[in-house]
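Take a look at the letters that make up each chain.
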Amino acid sequence: QVRLVESGGGLVQAGGSLRLSCAASGSMFSINTMAWYRQAPGKQRELVADSTSTGSTNYADSVKGRFTISRDNAKNTAYLQMNSLKPEDTAVYYCNVRGLRLGPAPFSAWGQGTQVTVSS
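I will try to describe carefully the structure that is included in this document. (Residues numbered from 1 in each chain as written. Predicted model: local features only at pLDDT ≥ 70, side-chain atom pairs only at ≥ 80, totals over all residues. Heavy atoms only, no water.)

A short note on a nonpolar patch on the surface
Among the surface-exposed residues, Phe 29, Leu 100 and Leu 102 lie close enough to one another that they form a single nonpolar patch of about 310 Å² accessible area. As for its placement among the helices and strands, Leu 102 is situated in the loop between strand 9 (91–101) and strand 10 (105–110). (Patch = residues over 30% accessible without salt bridge, like charges linked within 9 Å, V, L, I, M, F, W, Y side chains within 5 Å. Areas by Shrake-Rupley, 256 points an atom, 1.4 Å probe, with all protein chains shown as cover. Salt bridge = Lys/Arg side-chain N within 4 Å of Asp/Glu carboxyl O. Helix = DSSP H or I, 4+ residues; strand = E, 2+ residues; numbered from the N terminus.)

If you want it as structure tokens, here you go:
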């Protein structure tokens, strides 16, 4: 079983910064994609950014130039550096990790979510 632990959310004023972390542990053979999603009240969950094992990254248009996803493969940890935060960034942020478990078998694991609130 793969377990994700997120941290780093909180309350910040518009224009401020936060850094989210997501640490994966458990029976993993390899990790391919590490991603961050978010879900605002009354809205669907949306992809914020993802990072693959080949080094490619992808961002939602709404966060390009402000957010940066990175990963420490030795620690099985993903980060999301969020700068120039806006009130519309307010949401619960979820980490998602996809890869192969021992077996091998594919897995997709989700974190518990961390609240990010940006005040105007």
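Some remarks on the sheet that holds strand 3 (residues 18–26)
Across the sheet, which stays open at both edges, the four strands sit in the order 1-3-8-7 with antiparallel pairing between neighbours. In this open sheet, the two strands that pair with only one neighbour each are strand 1 (2–7) and strand 7 (67–72). Averaged over all neighbouring strand pairs, the angle between strand axes comes to 15°, with direction disregarded. In the sheet, strand 1 pairs with strand 3 via six bridges, with the strands oriented antiparallel. Within strand 3, the position partnered with Val 5 by the bridge is Ala 23. (Pairing = 2+ DSSP bridges. Axes fitted to C-alpha atoms, helices over the stretch in contact; angles between N-to-C directions.)

Quick look at the state of the cysteines
Applying the stated criterion to the full structure yields one disulfide. Note on cysteine connectivity: Cys 22 is disulfide-linked to Cys 95, with sulfurs 2.1 Å apart. Judged by the torsion about the S-S bond (-80°), the Cys 22/Cys 95 disulfide is left-handed. Of this pair, Cys 22 sits in strand 3 while Cys 95 is found in strand 9, placing the two residues 73 residues apart along the sequence. For Cys 22, a relative accessible area of 0% puts it in the buried group. (Disulfide = S-S within 2.5 Å. Buried < 20%, exposed > 50% of the residue type's maximum accessible area, 1.4 Å probe, protein only.)

Points about the side chain of Asp 50
Here Asp 50 is to be found in strand 5 (residues 46–51). Notably, Asp 50 is buried but unbridged: the nearest opposite-charge side chain belongs to Arg 98, and the N-O separation is 4.9 Å. Here Asp 50 is in contact with Thr 33, Met 34, Ala 35, Ser 56, Thr 57, Asn 58 and Ile 69, once residues within four sequence places are set aside. (Lys, Arg positive; Asp, Glu negative; His and termini not counted. Contact = heavy atoms within 4.5 Å.)

Some remarks on the pattern of salt bridges
As enumerated under the stated definition, the model contains four salt bridges in all. Across the salt bridge formed by Glu 46 and Arg 38, the nearest N and O atoms sit 2.7 Å from each other. Glu 46 gets classed as partly exposed once you look at its relative accessible area, which sits at 36%. Arg 38 serves as the salt-bridge partner of Asp 89, at 3.0 Å between the closest nitrogen and oxygen. Of the two residues, Asp 89 sits in the loop between strand 8 (77–82) and strand 9 while Arg 38 sits in strand 4 (residues 28–39), which places them 51 residues apart along the sequence. The class for Arg 38 is buried, based on a relative accessible area of 6%. Through salt bridges that share partners, Arg 38, Glu 46, Arg 66 and Asp 89 make up one connected network.

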